[in-house]
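Close look at the chain arrangement
If you want the building blocks of each chain, they are given just below.
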Amino acid sequence: METALSVNDLSCGYDRRPVLEGLTFDLRQGEMLGVIGPNGSGKSTLIRALTRILPLSSGRIALYGTPLQGYTVREIARQIAVIPQLTPVTFAFSSLDVVMMGRTPHLRRFQREGPEDRAIALEAMRRTDCLAFRDRPIHELSGGERQRVIIARALAQQPSILLLDEPTSFLDLNHQVEIFDLLRHVCASDGLAVLCVSHDLNLSSEYCHRLIMLKDGRIYTAGPPQDILTQGHIKAVFETDVTVIQSPYSGSPQIILKPGD
């Protein structure tokens, strides 16, 4: 598989306080890469670094072989779409209006969206099963409905890479599975490279091809879920005793918490 993002010896932080140190990994086209780790391990900081929002202290990020700093912000937005943990919408935009915002990187300054942009946005809404409420104000939607609209906005950018920061953290179980099913589908059907930061180890195990486990801003271990989600690794990184079993449906490792004494 082609390498979409290549990260080499990445270090960065805030106000001279290091958060991530020495990260090296690749994100490949057509794969879903999960980033897991406890609070404060640098998962969300990594998303900011990969989109050039946060400058690097050292190291290199390459987008399809070209250093990230060689791209303009608009060029990066044409290649990389970000789905944040929270998407505040302060105005009563319709769902279609929000999805149309995904076309902005493809428009010239002061250029208005045309029929082709609208068709791309509507197709993104159809694929994410939110076309039925395209005219409804987004602040009236449920959490699951709103998240599908936000994913549709990202797809309307026509990116080759999706970066997601806790995309299901405020959703119920049914909507969590729904969103991850959708992500797996677009990854497979469109060949997108998907990097997903998640607290949910079981969903990450079930849906991701590979996992990166962070501890204290460094990569503790990386590889396929069956090699990463072990009792020893989870004890060392999360300081929690667990039992690891195989899913009766897929065979992927699943975590069962051990109650405290």
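Quick caveat, the model's predicted, so the values are computed rather than measured.

1. Structural notes on the overall build of the protein chain
In terms of regular secondary structure, the protein chain is built from nine helices and 12 strands. Viewed in the frame of its principal axes, the protein chain has a C-alpha envelope of about 60 × 40 × 35 Å. By residue count, 49% of the 261 residues in the protein chain fall in the buried class. Within the protein chain, counting contacts between residues at least 6 apart in sequence, those at least 24 apart form 65% of the total.

2. Here we look at helix α4 (residues 115-127)
Taking 1.5 Å per residue as the helical rise, α4 with its 13 residues ought to reach 18 Å, and the 18 Å between its terminal C-alpha atoms agrees with that figure. Within the span of α4, buried status applies to Asp-117, Ile-120, Ala-121, Leu-122, Ala-124 and Met-125. Of the residues trailing α4, Asp-129 is marked for its positive phi of about 60°.

3. Focus: the environment of Arg-108
With respect to the helices, strands and loops of the structure, Arg-108 is situated in the loop between α3 (95-100) and α4. With 63 residues separating them in the primary sequence, Arg-108 and Leu-171 have C-alpha atoms 36 Å apart.

4. Thoughts on the side chain of Glu-145
Tracing the chain through its elements places Glu-145 in helix α5 (residues 143-156). Among the polar contacts made by the side chain of Glu-145, one reaches the main-chain amide nitrogen of Ser-142 at a distance of 3.0 Å.

5. Structural notes on the sheet that holds strand β5 (residues 66-67)
As summarised here, the arrangement of the four strands in space is β2-β1-β4-β5, forming an open sheet in which the pairing is antiparallel. Unpaired on one side and paired on the other, β2 (17-28) and β5 mark the two borders of the sheet. Examined bridge by bridge, strand β4 (residues 58-63) and β5 share two bridges and lie antiparallel to one another. By the bridge assignment, Ala-62 is partnered in β5 with Pro-67. Across the face of the sheet, helix α1 (residues 43-50) comes into contact with β1 (3-14), β2 and β4 while running at roughly 115° to β1.

6. A look at the pattern of salt bridges
Taken as a whole, this structure holds eight salt bridges when the rule is applied. Put simply, Arg-210 and Glu-31 hold a salt bridge, and the shortest N to O gap is 2.5 Å. Of this pair, Arg-210 sits in strand β9 (residues 210-215) while Glu-31 sits in the loop between β2 and β3 (32-36), placing them 179 residues apart in sequence. Accessibility expressed as a relative area gives 1% for Glu-31, which makes it buried. Arg-127 is paired through a salt bridge with Asp-190; the nearest N and O atoms lie 2.8 Å apart. Of this pair, Arg-127 sits in helix α4 while Asp-190 sits in helix α6 (residues 173-190); the two residues are 63 residues apart in sequence, bridging distant segments of the chain.

7. Here's the deal with the environment of Pro-224
Along the chain, Pro-224 falls in the loop between β10 (218-223) and α8 (225-228). Accessibility expressed as a relative area gives 28% for Pro-224, which makes it partly exposed. In this structure the C-alpha to C-alpha distance between Pro-224 and Ser-205, which are 19 residues apart in sequence, comes to 8.5 Å.

8. As for the pairing of β1
Pairing between β1 and β2: eight bridges, direction antiparallel. Bridge pairing links Ser-6 to Asp-26 in β2. In this structure, the hairpin formed by β1 and β2 is closed by a connection of two residues, where Asp-15 is found at a positive phi of approximately 50°. Where β1 meets β4, five bridges bridge the pair, whose relative direction is antiparallel. Bridged to Asn-8 within β4 is Arg-60.

9. Digging into unusual backbone geometry
Located in the positive-phi region is Phe-110, a residue other than glycine, with phi close to 70°. As for its placement among the helices and strands, Phe-110 is situated in the loop between α3 and α4. The class of Phe-110 is exposed, set by a relative accessible area of 75%. Despite not being glycine, Gln-158 shows a phi value in the positive range, around 55°. The topology assignment puts Gln-158 in the loop between α5 and β7 (161-165).

Cut-offs applied
Residues numbered from 1 in each chain as written. Predicted model: local features only at pLDDT ≥ 70, side-chain atom pairs only at ≥ 80, totals over all residues. Heavy atoms only, no water. Helix = DSSP H or I, 4+ residues; strand = E, 2+ residues; numbered from the N terminus. Buried < 20%, exposed > 50% of the residue type's maximum accessible area, 1.4 Å probe, protein only. Contact = heavy atoms within 4.5 Å. Expected span 1.5 Å × (residues − 1). Polar contact = N/O pair within 3.5 Å; in protein donor to acceptor, adjacent residues only side chain to side chain. Pairing = 2+ DSSP bridges. Axes fitted to C-alpha atoms, helices over the stretch in contact; angles between N-to-C directions. Salt bridge = Lys/Arg side-chain N within 4 Å of Asp/Glu carboxyl O.

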